[in-house]
Structure formats: structure tokens, C-alpha cells
Amino acid sequence: MSTTSLTSNSKSSTIHAVDQALQRIGGLKVRIDDYAIKALDATQAYFEAKYPNSKQYILSQGLTGRVEELSQRLNGIGLDDTTRLLLSTPAIYAALIEKAQTEDKVKSDDLEGLYSSVLRGVGDLPRRYFLARLLTAVLNEWRIQIKTSNRQWQQLDDQTLKRGIPIRAGQVEPAVQELLGLVYRVGDLPYYLDQYINQRSAIAKTAFTSAIRQAMLDYLVKLGVQIKSETIFKAGEYDEYFALAYNEALKQSTTADDPIDTARTKGGQVSWNFTIDSFDSVDAQGVIPENIKAAGVLDYLYYIGECMQVFNVTNALVLRWASGMLDIPEGKTAAALYRFHKLRNERNTSEERAMLYKRVLNKGNGRVLSNMVVNQSFPGLWYQLMQEVTDYIDKTEGSRWGAGWVSRAPLYQATKNLQYNLSEHMTGMAHVQVTEDYAHLQEALDILKSPEILGDFGGRRKNVWSVIEQIAKQDLGKTVPTANLRSLAVEGNKIFQWIATFEEGGVQEDAFTSFLGAAEAWIISQASVGDRTPSSRPARPRPPSNNGHTSERERFERDLKDVKAEFKAMRKEINDGFDDWEV
């Protein structure tokens with residue numbers, strides 16, 4: 001055999017090895033819609049033209065083994081249908097690897113960086129191009145012509161990217177039909193909403209979050225608002241509708257329908273997205289995000305309502321008012337106090353609330369029914385996540401090359417464990433109970449925030465936290481660390497939100513950074529609350545750092561170790577007496 005023939009066979013063999021590595025990502029095991037097949041063919045042709053030498057590039061850089069490792073890792077996570085379809089196409093997958101090296105500057109031996117770059121990349125141009133071809137194929141089949149100059153149709157691309165289009169057989173046409181219906185209903189309201197926010201509203205632009213914007217649009221569509229002309233809009237004739245929509249959207253994001261009130265209306269239904277008051281400026285794998293969010297609200301209720309004594313403090317104020325010790329003139333505050341008093345027998349009792357904390361989160365000393373299963377695993381899984389956060393931060397700070405070289409796999413796995421745990425245990429009547437208890441808490445806080453109560457008990461600070469601290473000390477004989485408990489509630493809820501929305505293939509860096517900050521704040525606050533409990537033990541001797549001073553990192557790690565070591569005792573101490581509703 002000639003040398004030329006040997007060389008040719010060698011190249012053929014190595015290219016075949018690259019193809020095998022690229023084909024390790026398994027395709028979908030279900031039938032794909034014909035429209036999706038056409039769109040995939042078009043997307044593949046586009047990337048073959050844009051990156052014609054991707055396989056040769058992988059070969060020349062000696063990346064075949066690295067691609068094998070990457071494929072194994074990608075196969076191990078829950079990829080959605082569209083992402084798996086695109087990555088199981090060698091031309092697209094190879095192009096993303098070349099892009100990661102040449103454009104994103106990922107080093108050849110950086111598997112974590114390559115993994116992140118490919119996942120981000122497939123969600124960008126390949127997904128956008130594929131969805132555009134998919135949508136176009138359906139519209140052409142239906143003989144629908146889109147005028148790109150029409151604002152109404154400009155929303156179609158945005159909604160397609162936001163919602164996506166399912167690609168399994170028989171799902172594409174109904175999904176596109178739903179998108180078209182949405183565009184017809186909404187019309188050009190998104191354009192005018194942007195104009196209102198940028199030019200006509202006195203409210204800060206940052207207040208119009210994506211959730212607020214969507215809620216405003218839903219409300220404007222429900223009202224049937226139609227903008228007749230831009231001239232009339234600029235004259236301000238529609239401003240009141242947008243202002244009303246903002247107020248309704250804000251109300252939905254911070255309050256819930258109280259089941260007590262809803263139950264009095266025949267056919268009334270409770271609906272809430274479990275978004276809590278953070279005290280700011282004003283299926284595939286059996287994961288149920290709403291269960292996790294609801295568990296987050298339950299955790300919030302535990303810290304604000306029970307540990308901070310908000311329910312008992314408000315009960316004490318009602319008792320003062322009923323006995324004549326608190327003089328409140330007739331008006332809004334008096335009406336709120338009377339409502340709080342009259343509904344006391346209809347609300348969940350302290351024992352019922354304690355039972356729910358115990359069953360779902362294994363917190364407190366509440367008694368459960370004989371047939372109830374307590375979520376014994378939650379505390380351990382939660383503290384495992386906190387430990388992984390600490391380890392990740394420590395490794396990041398100690399790495400010469402930064403966070404890109406530190407694996408997030410243990411932290412992600414701890415998050416998944418909590419997803420499955422909370423999806424399983426936050427079930428049954430718990431959703432309605434949490435909604436009612438949150439409404440109950442908001443009523444209590446509204447009373448504590450009222451001008452009359454702030455004037456009498458707010459001290460120099462004149463805020464709700466001063467009221468809680470003073471009444472708890474005077475009437476309950478307890479010292480309440482409101483700042484730390486507030487951090488535990490709010491930062492803890494941010495962690496629950498992270499768990500609820502976590503999807504390994506779509507983690508955004510800003511969301512991950514925010515989660516780390518919330519977790520670190522929670523750990524430090526928990527340690528501080530532990531040190532403030534009535535029967536706290538003397539601190540253990542702690543070794544100083546090399547220069548005789550304790551660094552912030554050493555204090556952070558020390559606090560976490562203390563919290564874990566004393567968790568059971570601390571939980572008991574914090575909750576002594578918190579299950580008693582009466583004052």
C-alpha cells in the first residue's frame with residue numbers, strides 16, 4: 001500500500017473519530033414534526049456555510065477527546081427538545097465548539113468553559129435561526145404574508161423567542177396558531193407600553209420588570225384598550241389606562257387573593273403566583289416550580305410571621321385595643337384591627353400553621369397528624385446547598401484562573417435535590433393554606449405600618465421593625481432580632497426562587513451571582529440569629545489567621561460550621577413559644 005493511501009486512510013479514520021464524538025449526544029426518541037425537520041435542514045445548511053471547516057478545526061486542535069467528555073456531560077443533563085435536536089446535529093454542534101474556541105476564547109483544556117459556551121451558544125443564534133425558519137415554514141404553508149413594517153407583526157418574533165415552539169409531531173401548528181392569536185389580541189400595545197414607560201411615565205424604568213410589563217399587557221387586553229392613533233396617544237388620552245394597568249400589575253405582584261374573602265363568593269377561585277413582599281422600594285423530571293415557590297413563601301411566613309412574632313405582636317395590639325389600653329380613632333386602622341379580631345376564628349390557627357411548617361419544611365415544634373409524613377430530608381438538603389455555596393466561593397477565591405475553572409456540578413446537584421424534595425412535599429391543601437396565611441400576614445403588617453401604630457410604638461426610627469421590637473419586648477417578653485430575621489426571610493426566598501427556576505442548561509451568570517449573594521447573606525444572618533438565641537452556648541475557640549486577625553472569608557466559613565454543628569439545638573431555641581397564638 002502506498003504512503004499516500006496510508007495518509008488518506010489515517011485522515012479518514014481521524015475524521016470518523018470526530019464524527020463519532022459529535023454524535024454522542026442522543027437525538028430525540030419521539031417523532032419530530034415535518035415542519036421542524038424542514039427548519040432543521042435549513043439551520044444545518046446555514047451553519048455548514050458559516051463554519052465550513054468545523055470538523056477539521058476540532059481535528060487540528062486535538063479536541064476529539066475533549067468533545068467526547070463534553071458530549072457525555074451534555075447527555076447527562078435535562079436538555080429541552082429544541083436544544084437536544086440542535087446539538088444532536090453534528091454540523092451545528094461542531095460550529096458551536098469552533099465558536100467557543102475562536103470567538104469566546106475558551107481554552108482547549110477548559111471543559112467547564114466549553115460546556116458553558118456551547119450551552120449559551122445553542123440558545124442564541126442556532127435557536128433563533130431554527131425558530132425563524134420553523135415559523136416561516138408554517139406561515140408559508142398557510143399563505144399568510146407578514147408585513148414587517150406593521151408593529152403588530154413585529155411582536156411575533158419576540159413572542160416566538162420568548163415562548164418557543166414545541167417540535168414534536170402535531171404540536172407545531174397549534175403552537176403557531178396560539179402565537180398568532182396572541183398577536184391579534186395584543187396588537188401594537190407592546191409598542192405603546194414601551195413608549196409610555198420611556199416617555200410618559202413618571203415612574204422609574206427599573207420598576208417595570210418583565211413580570212410587571214406582562215401583567216400590564218394582560219390587563220390592557222382584558223380592558224379592550226385599542227390605540228386609535230399615535231397622535232391621540234401622545235396627547236395623553238390613554239395615560240390613565242396605562243397607570244391603572246400598572247397599579248393592577250403591582251397589586252398582583254405583591255398581594256394575593258385572600259381565600260377567606262374568596263370563599264364568600266360563589267364560584268370564587270384563589271389565584272396567586274406566590275410572589276412575596278421583599279420590603280424593597282415599594283415535567284420532564286418531576287420538578288414543579290409552583291410547589292417550590294409556595295414552599296418559599298411558607299419559609300418566609302415562618303421567619304416573618306412566627307420567628308419575628310408578627311402574628312403575636314398584632315394579636316397583642318388587638319388585645320390592647322379591645323381592652324381600651326390602645327386608643328385608635330375611628331378610621332382605616334380601627335377597621336383593620338376590628339377585621340383582624342373578627343376573622344381570628346376563621347383563620348388558620350397557630351397549631352395549623354405550625355403543622356404545615358413541620359410537614360413541609362421540618363421547622364418548628366408543631367405537632368402533625370398520625371398519617372402525615374414530615375419532610376425529614378429538607379434541613380439536611382438545605383444545609384448541603386449552603387455548604388456547596390461556601391465551597392464554591394472558597395475555591396473561586398483560591399483559584400488563580402477564577403470561577404471558570406471551578407466546577408459548579410456539586411452545587412447544581414444540591415439544587416436539583418431540593419427541587420425534587422420540595423416538588424414532592426409541598427402538595428395537597430398546602431397551596432391554599434399558604435395563600436391564606438400570606439394574606440393574614442399582610443393584614444398584620446398593614447396594621448403595624450399604620451400611622452397611628454408607628455406614632456405610638458415606632459420610636460425614633462418610626463418603622464415597622466421598631467414597632468415589632470417594642471411590642472414583642474413589652475407584651476411578649478421577647479427580644480426579636482428583626483434585621484437578621486428579615487434577611488433570613490427575604491434572602492431565603494431568593495434562594496427558593498433560584499431553586500424553582502433552576503435549569504442547568506440555561507443558567508444566566510447574573511442570576512447565579514445573585515443566588516450566591518443571597519445564600520451568603522442567609523448563612524451569615526442565620527449564624528447571627530443563632531448567637532442571639534436566649535440559651536446560646538459560649539462560642540468555641542477559633543484559630544486566628546496567620547497575621548493574628550480573622551478574615552471575612554474565615555468568619556464566613558466559621559459561621560457556617562457553627563450553624564451546621566448547632567442546627568438542631570438552634571432550631572429548638574429559636575422556636576420555643578412561637579407556636580402559641582394567644583398573648
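Quick caveat, the model's predicted, so the values are computed rather than measured.

Definitions and cut-offs
Residues numbered from 1 in each chain as written. Predicted model: local features only at pLDDT ≥ 70, side-chain atom pairs only at ≥ 80, totals over all residues. Heavy atoms only, no water. Helix = DSSP H or I, 4+ residues; strand = E, 2+ residues; numbered from the N terminus. Buried < 20%, exposed > 50% of the residue type's maximum accessible area, 1.4 Å probe, protein only. Areas by Shrake-Rupley, 256 points an atom, 1.4 Å probe, with all protein chains shown as cover. Expected span 1.5 Å × (residues − 1). Arc of directions from axis to C-beta. Axes fitted to C-alpha atoms, helices over the stretch in contact; angles between N-to-C directions. Parallel < 35°, antiparallel > 145°, perpendicular 65-115°, else oblique. Contact = heavy atoms within 4.5 Å. Nonpolar A, V, L, I, M, F, W, Y, C, P; charged D, E, K, R; others polar. Phe/Tyr/Trp six-rings, centres within 6.5 Å; stacked < 30°, edge-to-face > 60°. Lys NZ or Arg CZ within 6 Å of the ring centre and 35° of its normal. Salt bridge = Lys/Arg side-chain N within 4 Å of Asp/Glu carboxyl O. Polar contact = N/O pair within 3.5 Å; in protein donor to acceptor, adjacent residues only side chain to side chain. Patch = residues over 30% accessible without salt bridge, like charges linked within 9 Å, V, L, I, M, F, W, Y side chains within 5 Å. pLDDT = per-residue confidence, 0-100. Core = buried A, V, L, I, M, F, W, Y, C linked by side-chain atoms within 4.5 Å.

(A) Representation of the overall build of the chain within the structure. Regarding its fold elements, the chain presents 28 helices and zero strands. The proportion of buried residues among the 583 residues of the chain is 47%. Carbon and sulfur atoms make up 48% of the accessible area of the chain, which amounts to about 29500 Å² in all.

(B) Helix H10 (residues 172-186), seen in detail. Between its first and last C-alpha, H10 extends 21 Å over 15 residues, near the 21 Å set by a 1.5 Å rise per residue. Turning to H10, its buried residues are Val172, Ala175, Val176, Leu179, Leu180, Leu182, Val183 and Val186. Viewed end-on, H10 has its buried residues packed into an arc of 155 degrees, placing them on one side of the element. For H10, the exposed residues lying more than 90 degrees away from the buried face are Gln177, Glu178, Tyr184 and Arg185.

(C) Examining the environment of aspartate 218 more closely. On the secondary structure map, aspartate 218 appears in helix H12 (residues 210-223). Looking at aspartate 218, the relative accessible area reads 46%, which means it is partly exposed.

(D) Looking closely at the packing of helix H16 (residues 289-307) against helix H21 (residues 409-425). Where H16 contacts H21, the two axes come as close as 8 Å, and the packing angle between them is 85 degrees. Our classification of the angle between H16 and H21 gives roughly perpendicular. Across from Asn291, Ile292 and Ala295 in H16, the residues of H21 making contact are Gln419, Leu422 and Ser423. Its residues assigned to classes, the contact of H16 with H21 shows three nonpolar, three polar and no charged.

(E) Molecular detail of the packing of aromatic side chains. Tallying each qualifying case throughout the model produces 24 aromatic pairs. Arranged with centres 6.3 Å apart and planes meeting at 90 degrees, the rings of tyrosine 412 and phenylalanine 512 form a pair that is edge-to-face. Here tyrosine 412 is found in helix H21, whereas its partner phenylalanine 512 is found in helix H26 (residues 509-531), with 100 residues between them in sequence. In this structure, arginine 133 is placed above the aromatic ring of tyrosine 129, and the distance from its NZ or CZ to the ring centre is 5.0 Å. For arginine 486, the ring lying beneath its charged end belongs to tryptophan 465, and the centroid distance is 4.5 Å.

(F) The pattern of salt bridges, seen in detail. Scanning the entire structure with this criterion turns up 15 salt bridges. A salt bridge links aspartate 239 to arginine 200; its shortest N-O distance comes to 2.9 Å. One end of the pair, aspartate 239, is in helix H14 (residues 239-254); the other, arginine 200, is in helix H11 (residues 189-200), with 39 residues separating them in the sequence. In this structure, the salt-bridge partner of arginine 339 is glutamate 443, at a minimum N-O distance of 2.1 Å. One end of the pair, arginine 339, is in helix H18 (residues 332-342); the other, glutamate 443, is in helix H22 (residues 430-449), with 104 residues separating them in the sequence. Among the residues examined, arginine 339 registers a relative accessible area of 28% and is labelled partly exposed. Given the relative accessible area of 16%, glutamate 443 is considered buried. Each of Arg339, Arg347 and Glu443 takes part in a single network of salt bridges with overlapping partners.

(G) Structural detail: the side chain of arginine 353. With respect to the helices and strands, arginine 353 occurs in helix H19 (residues 350-361). In terms of polar contacts, arginine 353 uses its side chain to reach the backbone carbonyl oxygen of asparagine 348, at 3.4 Å.

(H) Here's a closer look at unusual backbone geometry. At lysine 105, a position not held by glycine, the phi torsion is positive, near 60 degrees. Structurally, lysine 105 can be placed in the loop between helix H6 (90-102) and helix H7 (111-122). For lysine 105, a relative accessible area of 64% translates into the label exposed. For arginine 143, which is not glycine, the phi torsion reads 60 degrees and is therefore positive. For arginine 143, the position within the fold is in the loop between helix H8 (125-141) and helix H9 (151-163). Judged by its relative accessible area of 77%, arginine 143 is exposed.

(I) Local environment of a nonpolar patch on the surface. A grouping of Leu223, Tyr241 and Leu244 is seen on the molecular surface, where their side chains present a nonpolar patch of about 240 Å² in accessible area. Position of tyrosine 241 among the secondary structure elements: in helix H14.

(J) Inspection of the confidence of the model for the chain at higher detail. Mean pLDDT over the chain works out to 81, with 79% of the residues at or above the 70 mark. Per-residue pLDDT stays below 50 along residues 531-550; that stretch engages in 23 contacts with residues further than four places along the chain or on separate chains. Confidence drops under pLDDT 50 across residues 566-583; counting only partners more than four residues distant or on other chains, this segment forms 54 contacts.

(K) Molecular detail of the nonpolar core. Counting 81 residues, the largest nonpolar core has Trp382, Ile495 and Phe515 as the members making the most contacts within it. Of all the elements, H16 adds the most residues to this core, at eleven residues. Among all residues touching isoleucine 495, those that are not within four sequence positions of it are Trp382, Leu385, Met386, Phe515, Ala518, Ala519 and Trp522. Counting residues in hydrophobic clusters, the runner-up holds 51 residues, among them Val18, Tyr35, Leu96 and Val106.

(L) Region of the structure containing H19. For H19, spanning twelve residues, the distance from its first C-alpha to its last is 16 Å, which sits close to the expected 16 Å at 1.5 Å a residue. The element H19 is extensively covered by neighbouring structure, given that ten of its twelve residues are classed as buried. Residues of H19 that are buried include every one of Ser350, Arg353, Ala354, Met355, Leu356, Tyr357, Lys358, Arg359, Val360 and Leu361, and no others. Asparagine 362, located one to two residues past H19, shows a positive phi value of around 55 degrees.

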